[in-house]
Number of protein chains: 4
Amino acid sequence: MAGNIFGNIFRLSTFGESHGEAVGGVVDGMLPGLPIDIDFIQKELNRRRPGQSRITTPRDEKDRVRLLSGVFEGRSTGTPIGFIVENENQHSADYDNIRKIYRPSHADYTYDAKYGLRDHRGGGRSSARETIARVVGGALAKIILNEYGIIVTAFTKQIGTIVLNTPYTSLDLSKTEDNIVRCPDAATAEKMIALIDEVRMAKDSIGGVITCVVRGVSAGLGDPCFDKLQATLAHAMLSINAVKGFEYGSGFSGSSMRGSAHNDIFYVDGDEVHTRTNFSGGIQGGISNGEDIYFNVAFKPTATILMEQPTINTDKEEVNTIVKGRHDPCVVPRAVPIVEAMAAMTIVDALLMQRSISGR
Amino acid sequence: MAGNIFGNIFRLSTFGESHGEAVGGVVDGMLPGLPIDIDFIQKELNRRRPGQSRITTPRDEKDRVRLLSGVFEGRSTGTPIGFIVENENQHSADYDNIRKIYRPSHADYTYDAKYGLRDHRGGGRSSARETIARVVGGALAKIILNEYGIIVTAFTKQIGTIVLNTPYTSLDLSKTEDNIVRCPDAATAEKMIALIDEVRMAKDSIGGVITCVVRGVSAGLGDPCFDKLQATLAHAMLSINAVKGFEYGSGFSGSSMRGSAHNDIFYVDGDEVHTRTNFSGGIQGGISNGEDIYFNVAFKPTATILMEQPTINTDKEEVNTIVKGRHDPCVVPRAVPIVEAMAAMTIVDALLMQRSISGR
Amino acid sequence: MAGNIFGNIFRLSTFGESHGEAVGGVVDGMLPGLPIDIDFIQKELNRRRPGQSRITTPRDEKDRVRLLSGVFEGRSTGTPIGFIVENENQHSADYDNIRKIYRPSHADYTYDAKYGLRDHRGGGRSSARETIARVVGGALAKIILNEYGIIVTAFTKQIGTIVLNTPYTSLDLSKTEDNIVRCPDAATAEKMIALIDEVRMAKDSIGGVITCVVRGVSAGLGDPCFDKLQATLAHAMLSINAVKGFEYGSGFSGSSMRGSAHNDIFYVDGDEVHTRTNFSGGIQGGISNGEDIYFNVAFKPTATILMEQPTINTDKEEVNTIVKGRHDPCVVPRAVPIVEAMAAMTIVDALLMQRSISGR
Amino acid sequence: MAGNIFGNIFRLSTFGESHGEAVGGVVDGMLPGLPIDIDFIQKELNRRRPGQSRITTPRDEKDRVRLLSGVFEGRSTGTPIGFIVENENQHSADYDNIRKIYRPSHADYTYDAKYGLRDHRGGGRSSARETIARVVGGALAKIILNEYGIIVTAFTKQIGTIVLNTPYTSLDLSKTEDNIVRCPDAATAEKMIALIDEVRMAKDSIGGVITCVVRGVSAGLGDPCFDKLQATLAHAMLSINAVKGFEYGSGFSGSSMRGSAHNDIFYVDGDEVHTRTNFSGGIQGGISNGEDIYFNVAFKPTATILMEQPTINTDKEEVNTIVKGRHDPCVVPRAVPIVEAMAAMTIVDALLMQRSISGR
């Protein structure tokens, strides 16, 4: 298990380094007969692409996806969907000076420790470019979720010390894409953008938090033991570069609550079962209960900063290094579609498993 | 994937409901030739057993484990180790009144939604008794880790609002087992115990946070993409009942830091590579870097409280219910060995995979 | 992947050595809500148990199965079904003389090569006793298949040079259990029994072939690529001790045919699609086509014979050895229920996967 | 498990239809640091390509492979190797007439039954073009095996009724590639070629048998239970289009032998353990014993024949059909490298697992 395959029934296998020929992947387990809208997939990719605004890296990558199989006359056939995005606009020479350098808080040292060698250009496999394949896989997953009325929406909740504390239930999430930082509250968004601008000009970087909400999941998805729905979601989220934490429902704040306040009281509305509060985050005993699933994902500040730092080289000598290249001062705005993609694939996998159990 | 199997190379398959005949499991992938000390395994089980102190449930379960296979003349043979712990001291009648009740924030409603039926007695498969098999699996994993000098230690960092803020590097973790709440700081432990006592007498419950530290992991364990070491650890932790969050290294607090402060600077000490800080939590790019791996796990307050609560029944009628039975007012003290067990199995799985890659 | 887990959605995890405390397993992925008839499971086990007739080993093992979980009020709950069969009537001393011997064509030498040690008593994990867990898993699988009207029937087609050449379509398979060799043709059965008797008295052993027929499988089960239905069936069959070959439909004899004779011509009968011949063995492109699935499984002669043979010991010295113990001169009659069990689990796994794809 | 991923540690994920844009795949789990010779990979592909001789289909496909990732400065990096082969020279119009036809003994009917739709052009996913990805995966596997001195060689043993009965140990397998039918015995090869010519001119097709020999495997590879080495080899072989049977070592002929003749007697040669006969086919108890591994694979006659045949259409009407297009009258010669590829990947997977168990 070299770990480049995600999912059990809906499986994404990915490949590609930032400075190789292409990145891409294979989705094995796409439901047959669904309409495959290439424009929708490309639009999802555009949400993650570099150069989309002044607060992201100025690299201007078009990232045009090409579907190679598994689609016939506009519909999925149930066979694997292979896809590639060619690499272009690479400045490999930008990386010559780090060929023998282990950059701080990067994957340089650990890749060498694991494999005995590495492709140093642009971070190789540890590059954020790897997430292209995740977004394509996520777009295909969303096509399945769409059949079930399930909607996955993520937004920026925090950049550095700027925190949007309004509960998501009081926000208009349709405004998330209205600004370049992807925060649905315009005033907070402005502050977040100003902070990223400040950090970028200081040649520094900053972290943040993304909230993701999954609506329309019926009760019964997930598993009771090792593959609890929150466990597979956590796995999915922590597999994204720069993620440091995950919490769902009441999360870490639930640790200081008492059971009498934390328990979500059931009630019946017409024929539907609901809970009056949702500290459970839509999941009880590892299985969805029909309420919204929501969770937070913490991102560290980008490790690549444009100021000089002490470090070591591959000969174990202490040296100073200064990183060149074009980088995001904050990964959070571009990570919003990636969080959605990973969530969508996780939910689809649980959904397809439950189809097998319930027979419908 | 009904989700009752954990791991890829070192695989634990578990079974058992709290009021069935027995709980148990199978470990497939135990390394051959290692000494199997049944007393050590039992000792680990005793750390999780109910009735061990006044702040846990008064159920007095002996939980004697019986190894059925895979051990010959005191050593592992490399074949599966099957094991069972018989159930005893069950008060099934305690649960008669909830047969048709969906308790708040329990798995009753979701199990019915998933399977169409459930064993209502003692929570069935959603019972904490299921973790017995995890602790046995974890003990076997620790026997492998011991060969590599890898030590997994967890402790209680927070109960309700009582928080031990001292960094783990300034604590003497060998004192963790000195008190019943498993907090290595005696003064804080006393406050925690007092809080649990208070909550218990109020027929309420409380949450908390466990910190886990893994020492002695050499650089190179983990995978670069979907199975990053932090992702499999998060999966493992969120698969434990009542867990609401996971963060490693700087965690959620890293989100408000700048890269210049967050980056861990490498240095060389003799022949060893180290970092001056460890915001990375011992993992970079999904792969261990040789520093301590540490992470926090948030637990919600126990859903089972002894006061009357409104809820619904299986006929979708709103009713009041009061839960009988003997329950932990706080799961955290008994969850410490479970966190260790899941961490140990996760690290072993990565270790065995890396043996395959590196050939040593 | 130590290889002690079988299946993807319906997964059997097994453990146990012949001279350990017990053998058993866990079925993860049993469909919920089905009636679990313990008598049926025991009856299946009785079909494989030693001592059932004069042509099997005289070891008299009762092999009573005990279900430990996953069943509530007579129905499967969808949670794992753990089960054990205690070992008894072991003559471990029978094996003292082979502790340092590598018996010819046994797994002694290879286990030592793989693991560096082995439990020499009764073949350890390589014992035919391991198949107890398969038969239990198969019985549970048959309970699912029963809901779909799918029937798995195996019978003895060949013992040594005695071959039943009548096509299965001309046989009355309900007569299979009428004789101790499990051949539905009484006259042939008599000759087979006589041959086994002769071989047994000569302290020798003999091989044979089992045919298995699966009726009632609707079109659409199986996968198009690596997990073609014939591939997973072959995997299942070759995982049985002593199996040397597998062929389905026309099998090896199809290699000398021409396409014009081999192609199965479709026709329509009412609303049903059928083929006039069935050289395809019910599978086309890896997927069931609705016709009977049938295949042959070749077994070698039992390696354990009661005459003196030259071999080597663990010090790599050439020695003579004579095996004690009570053994089957021919494994085929007792392997009939094992072939059925493995086939049933394979078909169930494909069935549950197809429920996910088709949503019904 | 849609079944388009093969292997556990060394995993090949494939995609592509014959008339889509490209076929390709991803190898996840390639050992790092090995020399990747693209010419070798292309040479393996050339052995399977159409149009290579008069006895194969006249389609002239160049099948140039393009590696997209996972290789840096001529060496594998341990990250996934993505690859594609563009489709070209497609005559999609050749298939217009079968759009609504279910061809006899093809996957047309079963794909529709499984997925509800299909890409009818050129067989879609069921096309032999899918094996391109297998050959690339196999070539990468052979690069690993080469480090261990393990050599996989397959050859044509039978075409129709022309059978090469000489044991492989008396053949010079280096002559296999000397003729277009890939039979190492020149005289037999001539007869085989004449038979294929005759069949082709009769617009018919013919089957055959391939023998595969794996030399240099040390003792200890494989697993004792469900994933016995012969079981994973059988799975691999039966996953190849048109394969109807698998036998290893003595195979089906072993069924009529007695144990006293069938048992392979051990002896010691210097420090090496060997057996005087090799009816075991190099595998005992599911684990390699150091002798040659050898097995036979039976292929049916190509289903696509150029004469008119009765069949049904998608409206369940009985019609006559005549297939156009360019097809192999016998798949066996081109299947030789595919058998090798699947065997190589299977052995590598076992090898990498054993590295984990033995730690070397």
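Residues numbered from 1 in each chain as written. Chains lettered and ligands numbered in written order. Predicted model: local features only at pLDDT ≥ 70, side-chain atom pairs only at ≥ 80, totals over all residues. Heavy atoms only, no water.

**Observations regarding the overall build of chain A**
Step number 1: Of regular secondary structure, chain A possesses seven helices and 19 strands.
Step number 2: At 21 Å, chain A has a C-alpha radius of gyration in line with the 21 Å of a compact globule built from 360 residues.
Step number 3: Residue burial in chain A is summarised as follows: out of 360 residues, 71% are buried.
Step number 4: The contacts of chain A with a sequence gap of at least 6 include a subset with a gap of at least 24, amounting to 70%. (Helix = DSSP H or I, 4+ residues; strand = E, 2+ residues; numbered from the N terminus. Rg over C-alpha atoms; globule rule 2.2 N^0.38 Å. Buried < 20%, exposed > 50% of the residue type's maximum accessible area, 1.4 Å probe, protein only. Contact = heavy atoms within 4.5 Å.)

**Focus on the sheet that holds strand β7 (residues 81-86) of chain A**
Step number 1: An order of β1-β2-β3-β7-β4 (chain A) is seen for the five strands of this open sheet, with the pairing classed as antiparallel. Edge positions in the sheet fall to β1 (5-6) and β4 (65-67) of chain A, since each has one partner strand and no second. (Pairing = 2+ DSSP bridges.)

**So, the interface of chain C and chain A**
Step number 1: Counting residues at the interface gives 12 residues for chain C and 12 residues for chain A.
Step number 2: Approximately 910 Å² of surface area, both sides summed, lies buried where chain C meets chain A, with 61% of it carried by carbon and sulfur atoms.
Step number 3: Seen at the junction of chain C and chain A, the total is zero salt bridges.
Step number 4: For the interface between chain C and chain A, the tally reads six residue pairs in polar contact (both at pLDDT 80 or more). (Buried area = accessible area lost by both parts, 1.4 Å probe. Salt bridge = Lys/Arg side-chain N within 4 Å of Asp/Glu carboxyl O. Polar contact = N/O pair within 3.5 Å; in protein donor to acceptor, adjacent residues only side chain to side chain.)

**Notes on the sheet that holds strand β7 (residues 81-86) of chain D**
Step number 1: With antiparallel pairing, five strands are arranged side by side in an open sheet as β1-β2-β3-β7-β4 (chain D). Two strands bound the open sheet, and with one partner strand each, they are β1 (5-6) and β4 (65-67) of chain D.

**Structural notes on unusual backbone geometry**
Apart from glycine, the bulk of residues carry a negative phi angle, and the bulk of peptide bonds sit in the trans form.
All names here are of chain A.
Step number 1: Of note, the phi angle at Asp 63 is positive, near 50°, even though the residue is not glycine.
Step number 2: Given the relative accessible area of 2%, Asp 63 is considered buried.
Step number 3: Within the chain, Glu 73 stands out as a residue other than glycine whose phi angle is a positive 50°.
Step number 4: For Glu 73, the location among the structural elements is in the loop between β5 (71-72) and β6 (75-76).
Step number 5: Given a relative accessible area of 55%, Glu 73 falls into the exposed group.

**As for the pairing of strand β14 (residues 272-275) of chain D**
Step number 1: Inspection of the sheet shows strand β13 (residues 266-269) of chain D paired to β14 of chain D by four bridges, in the antiparallel sense. Considered in β14 of chain D, the bridge of Phe 266 of chain D is made with Thr 275 of chain D.

**Quick notes on the relation of the copies chain A and chain B**
Step number 1: When chain A is fitted onto chain B, the two copies agree to an RMSD of 0.0 Å after a turn of 180° and an axial shift of 0.0 Å. Taken together, these values place the two copies in the relation of a two-fold axis.
Step number 2: A share of 100% of interface residues in chain A that are also interface residues in chain B marks the association as one of identical surfaces. (Least-squares fit on C-alpha atoms with pLDDT ≥ 70 in both.)

**Quick word on the pattern of salt bridges**
Step number 1: Tallied over the full model, the rule gives 100 salt bridges over all chains.
Step number 2: Residue Lys 142 of chain B pairs with Glu 44 of chain B through a salt bridge whose shortest N-O separation is 2.7 Å. You can see Lys 142 of chain B sitting in helix α3 (residues 131-147) and its partner Glu 44 of chain B sitting in helix α1 (residues 38-48), a full 98 residues away along the chain. Across the pair, Glu 44 of chain B and Lys 142 of chain B agree in class, each one buried.
Step number 3: Here Glu 21 of chain C and Arg 66 of chain B are joined by a salt bridge, their closest N and O atoms 2.9 Å apart. You can see Glu 21 of chain C sitting in the loop between β2 (11-15) and β3 (22-28) and its partner Arg 66 of chain B sitting in strand β4 (residues 65-67), one on each of two chains.
Step number 4: Looking at Arg 66 of chain B, the relative accessible area reads 26%, which means it is partly exposed.
Step number 5: The network of salt bridges with common partners includes Glu 44, Arg 47, Lys 142, Glu 177, Arg 182 and Glu 340 of chain A.

**With respect to the nonpolar core**
Nonpolar side chains tend to gather and get buried jointly when the protein is soluble and globular.
Step number 1: Counting 362 residues, the largest nonpolar core has Phe 295 of chain A, Phe 295 of chain B, Phe 295 of chain C together with Phe 295 of chain D as its most contacted members.
Step number 2: Look past the residues within four positions of Phe 295 of chain A in its chain and what remains in contact with it is Ile 210, Thr 211, Cys 212, Val 214, Leu 233, Met 237, Phe 246, Glu 247, Tyr 248, Val 339 and Ala 343 of chain A. (Core = buried A, V, L, I, M, F, W, Y, C linked by side-chain atoms within 4.5 Å.)

**Quick word on the side chain of Asn 278 of chain B**
All names here are of chain B.
Step number 1: Locating Asn 278 in the fold gives a position in the loop between β14 (272-275) and β15 (283-284).
Step number 2: A polar side-chain atom of Asn 278 sits 2.9 Å from the main-chain amide nitrogen of Gly 282.
Step number 3: Those residues within four positions of Asn 278 in sequence are excluded, and the remaining contacts are Gly 249, Asp 264, Glu 291, Asp 292 and Tyr 294.

**Quick notes on the packing of aromatic side chains**
Step number 1: A full pass over the atoms with the stated rule returns 26 aromatic pairs over all chains.
Step number 2: For the pair Tyr 102 of chain C and Tyr 109 of chain C, a centre-to-centre distance of 5.3 Å together with 75° between the ring planes defines the contact as edge-to-face.
Step number 3: Arranged with centres 5.3 Å apart and planes meeting at 45°, the rings of Phe 226 of chain C and Phe 6 of chain D form a pair that is tilted. Here the residue Phe 226 of chain C occupies a position in the loop between β11 (208-215) and α5 (229-238), and Phe 6 of chain D occupies one in strand β1, the pair thus bridging two chains.
Step number 4: Here the aromatic cluster, defined as three or more aromatic residues joined through ring pairs, consists of Tyr 102 and Tyr 109 of chain A together with Phe 266 of chain B.
Step number 5: Residue placement shows Lys 244 of chain B over the ring face of Tyr 248 of chain A; its charged tip is 4.0 Å from the ring centre. (Phe/Tyr/Trp six-rings, centres within 6.5 Å; stacked < 30°, edge-to-face > 60°. Lys NZ or Arg CZ within 6 Å of the ring centre and 35° of its normal.)

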